[in-house]
Amino acid sequence: MMNAPAPSLPVPEFSRTVIAETVTTKGQTLTITPTPEERAALATRLGLVALDSLSATVRLRRFRGELIRVTGELAAQVVQSCVITLDPFPTQVSDEFSAVYAPDHLLPKEEDEEIGLVEDAEDDVPEAMPNGRIDIGELVAQHLSLALDPYPRKPGVTFEPVIEFEEGAPETAAGPGSEPEAERENPFAALARFKRPS
């Protein structure tokens, strides 16, 4: 009886793979951009109104034998929805990133304390490279996601704080000649007036 084939992993929206064996100590530099279809799929994944453009310059270099360091910069033009008005607005996004990749036998195990493999403080914990491949397109997509403002606000739009009322006070005016509603000062307004003693 034949075993059922293992389910395949979903293909990332923006996939550009590099075979690890082709990366040397001298390194190589690649510039990658998604197709219009890939941009549309990425926009859906990242919750964007649109991803008008995306470009990344990525450098790969082998070090310490089998480890590969990837560094790069990305620039994108995105359209996001304002969290206050819900209006779409364009914005520029840029970011620098780095990662270290290692074959399976060099990846730290869960029971390890992750010492010895990454000796320098600036080194990253290695990422896996399935089948000896590094997907620099997916790496760019992940860092674009991290670079996006999670609470985008359209330029010129300000947040108006909600006035809090004392418990039991009426929320609307009782009519002509009635006393003003009892308002409770917003605690952030009180903090704004607080001055640290010199």
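Residue positions are given per chain, counted from 1 along the sequence in the order it is written. With the structure being a predicted model, the display of local features is reserved for residues of pLDDT at least 70 and the display and counting of side-chain atom pairs for 80 or more, all residues being used for whole-chain, interface and lining totals. Side-chain numbers come from the whole structure's heavy atoms, not from hydrogens or water.

K.L.:
Mind showing me how you'd approach the overall build of the protein chain here?
P.N.:
Helix numbers and strand numbers start at the N terminus; a helix is a DSSP run of H or I with at least 4 residues, a strand a run of E with at least 2. Scanning the protein chain for helices and strands turns up three helices and nine strands. In sequence order, the secondary structure elements of the protein chain are arranged as β-β-α-β-β-β-β-β-α-β-β-α. By the convention used here, residues are in contact when the closest approach between their heavy atoms is within 4.5 Å. Pairs at least 24 residues apart make up 62% of the contacts formed inside the protein chain by residues separated by at least 6 positions.

K.L.:
When you look at the nonpolar core in this model, what are you seeing that I'm missing?
P.N.:
Soluble globular proteins tend to bury their nonpolar side chains together. In this text, buried Ala, Val, Leu, Ile, Met, Phe, Trp, Tyr and Cys residues form a nonpolar core when linked through side-chain atoms within 4.5 Å. With a 1.4 Å probe rolled over the protein chains alone, any residue whose accessible area is under 20% of its type maximum counts as buried; one over 50% counts as exposed, and the rest are partly exposed. Leu 51, Leu 54, Val 58, Leu 60, Val 70, Val 140 and Leu 144 are the most contacted members of the largest nonpolar core, which has 31 residues in total. Counting only elements with at least two residues in this core, the list comes to α1 (36-46), β3 (50-63), β4 (67-81), β5 (88-102) and α2 (136-147). Other than its neighbours up to four places away in sequence, Val 140 contacts Phe 14, Ile 32, Leu 54, Ala 56, Val 58, Leu 74 and Phe 97. Within the second largest apolar cluster, five residues are counted, among which are Phe 63, Leu 67, Val 100 and Leu 107.

K.L.:
Which parts of the structure should I look at to understand a nonpolar patch on the surface?
P.N.:
Every patch collects residues that have over 30% relative accessible area and no salt bridge, joining them within 9 Å if they carry like charges and within 5 Å if they are nonpolar side chains (Val, Leu, Ile, Met, Phe, Trp, Tyr). Computed with a 1.4 Å probe, the accessible areas rest on the Shrake-Rupley method; for each residue, only the protein chains presented here act as cover. What makes a salt bridge here is a side-chain nitrogen of Lys or Arg within 4 Å of a carboxyl oxygen of Asp or Glu, nothing more. Residues Val 83, Ile 84 and Tyr 151 make up a contiguous nonpolar surface patch of roughly 310 Å² in combined accessible area. The topology assignment puts Ile 84 in the loop between β4 and β5.

K.L.:
Mind showing me how you'd approach the confidence of the model for the protein chain here?
P.N.:
Detailed reading of the predicted coordinates is not advisable wherever pLDDT falls low. Here the protein chain averages 81 in pLDDT, while 68% of its residues score no lower than 70. Confidence of the predictor in every single residue is expressed as pLDDT, which spans 0 to 100. The model gives residues 1-7 a pLDDT under 50, and that stretch makes zero contacts with residues more than four places away or in other chains. Overall, residues 190-198 carries pLDDT values under 50, and its contacts beyond four positions in sequence, including any with other chains, amount to two contacts.

K.L.:
Could you clarify how one ought to interpret the pairing of β4 in this entry?
P.N.:
The side chains of a regular strand alternate between the sheet's two faces. Of all the 15 residues making up β4, eleven are buried; the element is thus mostly covered by neighbouring parts of the structure. Pairing between two strands is assigned when DSSP locates at least 2 bridges connecting them. Taken together, the 13 bridges between β3 and β4 define a ladder with antiparallel strand orientation. Across the sheet, Ala 56 pairs through a bridge with Leu 74, a residue of β4. Connecting β3 to the next strand, β4, in antiparallel fashion are three residues, including Arg 64 with a positive phi near 50°.

K.L.:
What is the right way to look at the pairing of β5 in this model?
P.N.:
Strand direction decides the pairing type here: β4 and β5, joined by 14 bridges, are antiparallel. Bridging across to β5, Ala 76 finds its partner in Val 93. As paired strands, β5 and strand β6 (residues 127-128) are joined by two bridges and run parallel to one another. Its bridge partner being in β6, Ala 102 is matched across the sheet by Ala 128.

K.L.:
Could you clarify how one ought to interpret the pattern of salt bridges in this entry?
P.N.:
Where charged atoms of side chains with opposite charge meet at close range, the side chains can pair. Enumeration over the complete set of coordinates arrives at five salt bridges. The partner of Glu 73 in a salt bridge is Arg 59, and the shortest N-O contact between them spans 2.4 Å. Of the two residues, Glu 73 is situated in strand β4 and Arg 59 in strand β3; the sequence distance between them amounts to 14 residues. Taking relative accessible area as the criterion, Glu 73 reaches 30% and is therefore assigned partly exposed. With relative accessibility at 30%, the residue Arg 59 sits in the partly exposed group. In this structure, the salt-bridge partner of Lys 154 is Asp 87, at a minimum N-O distance of 3.7 Å. Remark: Asp 87 occurs in the loop between β4 and β5 and Lys 154 occurs in the loop between α2 and β8 (164-165); sequence separation between them is 67 residues. Since its relative accessible area comes to 29%, Lys 154 is described here as partly exposed. What makes Asp 87 partly exposed here is its relative accessible area of 32%. One connected set of salt bridges, linked through shared partners, spans Glu 13, Arg 45 and Glu 138.

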